[in-house]
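This is what each chain is made of:
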Amino acid sequence: SHFVDQRPFFVLPCRSSPPAVPITSVSMTYDGNCVCVSALDSSVRLLDKSSGELLNMYRGITSTKYKVESIVSNSDAEILCGSEDGQIVAWDMVEGNVLQAWKGHTSVVCSLSYHPRACFMVSGSVDGYIGVWSDALE
């Protein structure tokens, strides 16, 4: 029998909000310098990958009971996240202001994926539908 060490090789110190809140999603920026984190306190955080320093916090979604996914756009300029109210919200990564909100689902938007080159994304929801959002953030 083989033993597999399942500990992470590096633990990012999440210094953004003691006490810790349950994290539901993590993703990397395309440049690899930051980590985008969704949590069950209805927030999305942008952390420096090396230090864990909080660079920005984004509000405007509801996430208290379900896993909602946060992602970074292919330009590394926007943060996007699903919400328990069926919306998808996009923020300017640096300024933190809401750029756009899409409403098309009738329940929790729990999964998002942004195309690596083109300006469109797909979303998955508890409502059983997959959304295809063309011309997203153009």
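Placed above this text is the structure.
In short, a report on the structure. (Residues numbered from 1 in each chain as written. Predicted model: local features only at pLDDT ≥ 70, side-chain atom pairs only at ≥ 80, totals over all residues. Heavy atoms only, no water.)

## Structural notes on the sheet that holds strand S10 (residues 120-125)
Strand order in the open sheet made by the three strands is S9-S10-S11, with antiparallel pairing throughout. Strands with a single pairing partner mark the edges of an open sheet, and in this sheet they are strand S9 (109-114) and strand S11 (130-134). The mean inter-strand angle of the sheet, taken between neighbouring strand axes irrespective of direction, is 20°. (Pairing = 2+ DSSP bridges. Helix = DSSP H or I, 4+ residues; strand = E, 2+ residues; numbered from the N terminus. Axes fitted to C-alpha atoms, helices over the stretch in contact; angles between N-to-C directions.)

## Comments concerning unusual backbone geometry
Notably, serine 42 is not glycine yet its phi reads approximately 60°, a positive angle. Structurally, the position occupied by serine 42 is in the loop between strand S2 (34-39) and strand S3 (43-48). A relative accessible area of 14% places serine 42 in the buried class. A positive phi angle is found at aspartate 76, which is not glycine, with a value near 60°. (Buried < 20%, exposed > 50% of the residue type's maximum accessible area, 1.4 Å probe, protein only.)

## With respect to the side chain of serine 63
Looking at the secondary structure, you find serine 63 in the loop between strand S4 (54-59) and strand S5 (70-72). By relative accessible area, which is 0% here, serine 63 ends up buried. With residues up to four places along the chain from it excluded, the contact list for serine 63 reads Ala39, Leu40, Asp41, Ser42, Val68 and Glu84. (Contact = heavy atoms within 4.5 Å.)

## As for the sheet that holds S4
The four strands lie next to each other as S1-S2-S3-S4, forming an open sheet whose pairing is antiparallel. In the strand order of this sheet, the two ends are held by strand S1 (23-28) and S4, each with one partner. Each neighbouring strand pair of the sheet contributes to a mean axis angle of 20°, computed without reference to strand direction. In this sheet, S3 lies alongside S2 in antiparallel orientation, the contact comprising six bridges. Along S3, the bridge assignment pairs serine 38 with valine 44.

## Looking at the environment of valine 89
For valine 89, the position within the fold is in strand S7 (residues 87-92). With 31 residues separating them in the primary sequence, valine 89 and tyrosine 58 have C-alpha atoms 9.8 Å apart. With residues near it in sequence (within four places) discarded, valine 89 still touches Gly60, Ile61, Ile79, Leu80, Cys81, Val98, Gln100, Ala101 and Trp102.

## Details of the packing of aromatic side chains
By the definition in use, this model includes two aromatic pairs. On the numbers, 5.6 Å between centres and 40° between planes, the contact of tyrosine 58 with tryptophan 91 is tilted. One end of the pair, tyrosine 58, is in strand S4; the other, tryptophan 91, is in strand S7, with 33 residues separating them in the sequence. Judged by its relative accessible area of 0%, tyrosine 58 is buried. (Phe/Tyr/Trp six-rings, centres within 6.5 Å; stacked < 30°, edge-to-face > 60°.)

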